[in-house]
Amino acid sequence: MKRTIYSSVFALAATIMMVGCGDPLLDDLNSNIEVGSGDLAVAATYDQAAGMFLTAQQKMHDVGAANGAHVYQVQFNIHIDNYSGYLASTQNFSGNLPSTYRYYPQYCDGPKASFFLVAQAALPVMRSAAQLNLKEIGAMCNIMYCFSALELSDIYGPFPWTDYKNDKQEPPVTYEPMDQIYDSLFVNLKDAGQILKDFSSTSQEHQDSINEILTKYDKICGNVDTWRQFANSIRLRMAVRMSNVDPDRAKTEAEAAISDGLISKNIEYNTMVVSGNSHPLQFIANNWNDTRLNASLENIMKRLKVPYMDLIFTKNSGDILDEDGNVTMAANSEIVGVRTGIQLTPRDDNNQYVKYSSVTKNYANYPLAIFKLSERHFLEAEANLRWGIGTNYLMAYTFGIQAMLKEYSIETGGTEFSNYYTQTTADTSIDYVDPHNERNNLKGLITIGVMLGNEDKKTILEKIITQKWLAQFPMGLEAWNDLRRTGYPRIFPTNDIGDGSLTSGFMIRRIPWNMTDASAAADVNTTGVPALGGPNLMATPLWWDVIDPAGLGDNRRWETGGE
């Protein structure tokens with residue numbers, strides 16, 4: 001018998017035995033059939049399955065450990081958070097990252113490494129769930145696997161779905177097209193949702209057993225039905241993502257997901273409450289000084305007078321000097337962000353950008369978001385605007401703003417809420433000024449307000465996505481996904497050619513696959529590039545990243561010189 005050890009920060013190492021099983025690309029969890037050939041890892045006992053269930057939650061958006069947030073940094077912060085317009089790097093990381101879009105394999109492999117951490121915890125439970133009489137826990141692990149697989153695909157594009165399901169991570173592997181991966185994700189999520197829907201019909205003894213695991217190990221949802229709603233909400237996210245490339249299928253999938261029921265609370269992991277660790281972003285920003293507020297987020301928040309801006313961002317921490325050594329902004333003067341695409345320098349005493357606005361120390365106590373309630377409402381608003389399904393877009397949009405502001409204790413009906421919600425235009429007098437280097441100064445791009453009025457659908461979608469972008473912070477991947485799909489909100493262009501495929505000012509469309517290993521490069525060239533439909537470059541768009549046939553988006557504005 002082969003044995004493999006998986007470890008978790010919070011759970012004891014789980015010893016797992018190996019078994020053989022196999023079938024096709026589309027899994028059928030009801031009969032415990034899994035993709036596979038050869039020996040695959042399974043959870044051997046109830047306790048191992050419960051521990052792995054917890055580990056998978058911790059690794060979806062990595063919660064970090066007492067010695068730092070290294071995994072989260074290369075999972076999101078060092079690249080994707082910059083692409084999204086949320087945050088910006090302060091330093092060049094020993095020359096590895098001289099500018100925002102520069103490709104450095106070790107950093108750009110971070111999201112894939114995090115996916116594997118989730119897979120190593122989730123897949124063994126999925127495979128043994130029926131045998132252990134833990135089908136519901138297996139279904140929840142399947143939801144987490146699908147969540148992470150979706151993120152993996154939306155970052156790089158096609159990936160070896162079947163091989164990865166078989167625990168086969170090393171070459172040779174076969175890449176599969178994104179449309180087929182999305183098909184498989186829909187099937188898996190629906191199957192998992194059905195298992196959880198049937199939970200109430202099982203014996204009381206079985207329900208007690210599952211609920212006992214959830215009480216001890218469930219840190220993000222809290223009960224079976226919220227897990228089911230989480231699966232449906234992921235389906236809605238996927239459906240809206242497909243709105244440009246396959247609008248008819250997208251409408252059908254969105255309608256079904258809404259009908260099956262969506263989340264009614266944030267799906268999040270409270271690292272401080274559960275483990276005593278700070279939010280990883282706070283650690284990266286304030287312990288390492290590696291990330292700061294992005295100029296795009298600064299300008300949009302200021303133009304829209306976002307009422308919680310000073311709750312999550314500090315003023316500049318020290319005197320900021322211009323290139324001639326003159327003080328242009330005294331310490332603790334105002335909230336100021338860093339432009340992406342600028343030339344980065346070492347993190348030393350001469351680096352002025354470490355003095356720019358960071359997340360507050362109180363951000364240590366914020367939960368680590370996985371899927372926000374506000375996103376659910378903004379997805380519904382867009383679905384209704386596009387296809388006339390579900391909740392009326394004005395109502396869903398309002399619910400989204402309410403959920404966003406409630407995270408910062410701003411309640412509906414108060415003065416702060418009213419002042420924010422009733423803005424009809426942005427304050428276009430506010431532009432971006434870089435106190436260190438005036439060559440980085442830019443005129444702000446956003447002109448729309450918050451309140452929906454008698455305006456065309458394109459403007460309404462821009463308002464929906466702009467508020468969704470503000471609400472999603474700090475979830476950079478979802479923000480970047482919407483930027484690539486819709487062109488909104490109107491963040492500043494990045495003057496960085498990346499891997500050479502980007503003209504200055506263009507949006508980065510994907511993170512390329514790592515080609516440093518000859519065998520991995522052969523797989524990319526043999527099956528990856530054909531599945532992608534274009535070269536392995538930053539400028540190559542993903543399957544769903546096409547021009548909006550309904551004319552509501554503006555996702556090629558960077559390439560056409562638009563604002």
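This text goes with the structure placed above it.
Residues numbered from 1 in each chain as written. Predicted model: local features only at pLDDT ≥ 70, side-chain atom pairs only at ≥ 80, totals over all residues. Heavy atoms only, no water.

## Considerations on the side chain of S153
For step 1, the next point in the chain: Its place among the elements puts S153 in helix α6 (residues 135-156).
For step 2, the next point in the chain: Other than its neighbours up to four places away in sequence, S153 contacts F159, M178, I181 and L542. (Helix = DSSP H or I, 4+ residues; strand = E, 2+ residues; numbered from the N terminus. Contact = heavy atoms within 4.5 Å.)

## Focus: the nonpolar core
For step 1, the next point in the chain: Counting 152 residues, the largest nonpolar core has W227, F230, F313 and L470 as its most contacted members.
For step 2, the next point in the chain: Top element by residues in this core is α6. It accounts for 14 residues. (Core = buried A, V, L, I, M, F, W, Y, C linked by side-chain atoms within 4.5 Å. Buried < 20%, exposed > 50% of the residue type's maximum accessible area, 1.4 Å probe, protein only.)

## As for the environment of A256
For step 1, the next point in the chain: Mapping A256 onto the fold places it in helix α11 (residues 247-260).
For step 2, the next point in the chain: Sequence separation between A256 and M60 is 196 residues, and the spatial gap between their C-alpha atoms is 25 Å.

## Overview of the environment of W513
For step 1, the next point in the chain: By secondary structure assignment, the location of W513 is in the loop between α20 (476-486) and α21 (518-532).
For step 2, the next point in the chain: Put simply, W513 and P105 are 408 residues apart on the chain and 8.4 Å apart in space, counted from C-alpha to C-alpha.
For step 3, the next point in the chain: Each residue touching W513, except ones within four places of it in the same chain, is listed here: Y103, Y156, P158, Y175, V524, G528, V529, L532 and N536.
For step 4, the next point in the chain: Engagement of the side chain of W513 in a polar contact is seen with the backbone oxygen of P158, the distance being 3.5 Å. (Polar contact = N/O pair within 3.5 Å; in protein donor to acceptor, adjacent residues only side chain to side chain.)

## Details of the packing of aromatic side chains
For step 1, the next point in the chain: This model, assessed by the stated rule, comprises 31 aromatic pairs.
For step 2, the next point in the chain: Between the aromatic rings of Y72 and F76, the centroid separation amounts to 5.6 Å while the plane-to-plane angle is 65°, which identifies the pairing as edge-to-face. Of this pair, Y72 and F76 both sit in helix α2 (residues 70-77), separated by 4 residues, roughly a single helical turn. Here the two residues Y72 and F76 agree in accessibility, since each one is buried.
For step 3, the next point in the chain: Here the aromatic cluster, defined as three or more aromatic residues joined through ring pairs, consists of Y86, Y308, F313, Y363, Y366, Y408, W469 and F473.
For step 4, the next point in the chain: The cationic tip of R241 hangs over the ring face of W544; the distance from NZ or CZ to the ring centre is 5.7 Å.
For step 5, the next point in the chain: The side chain of R510 reaches across the aromatic face of W513, ending 4.5 Å from its centre. (Phe/Tyr/Trp six-rings, centres within 6.5 Å; stacked < 30°, edge-to-face > 60°. Lys NZ or Arg CZ within 6 Å of the ring centre and 35° of its normal.)

## Some points on the side chain of D434
For step 1, the next point in the chain: Note that D434 resides in the loop between α18 (415-421) and α19 (457-472).
For step 2, the next point in the chain: For the buried D434, no salt bridge is present, and the opposite-charge side chain at shortest range is R339, 7.4 Å distant.
For step 3, the next point in the chain: Separated by 2.9 Å, the side chain of D434 and the backbone nitrogen of H436 make a polar contact.
For step 4, the next point in the chain: In this structure D434 touches Y353, Y356, N440 and N441, once residues within four positions along its chain are discounted. (Lys, Arg positive; Asp, Glu negative; His and termini not counted. Salt bridge = Lys/Arg side-chain N within 4 Å of Asp/Glu carboxyl O.)

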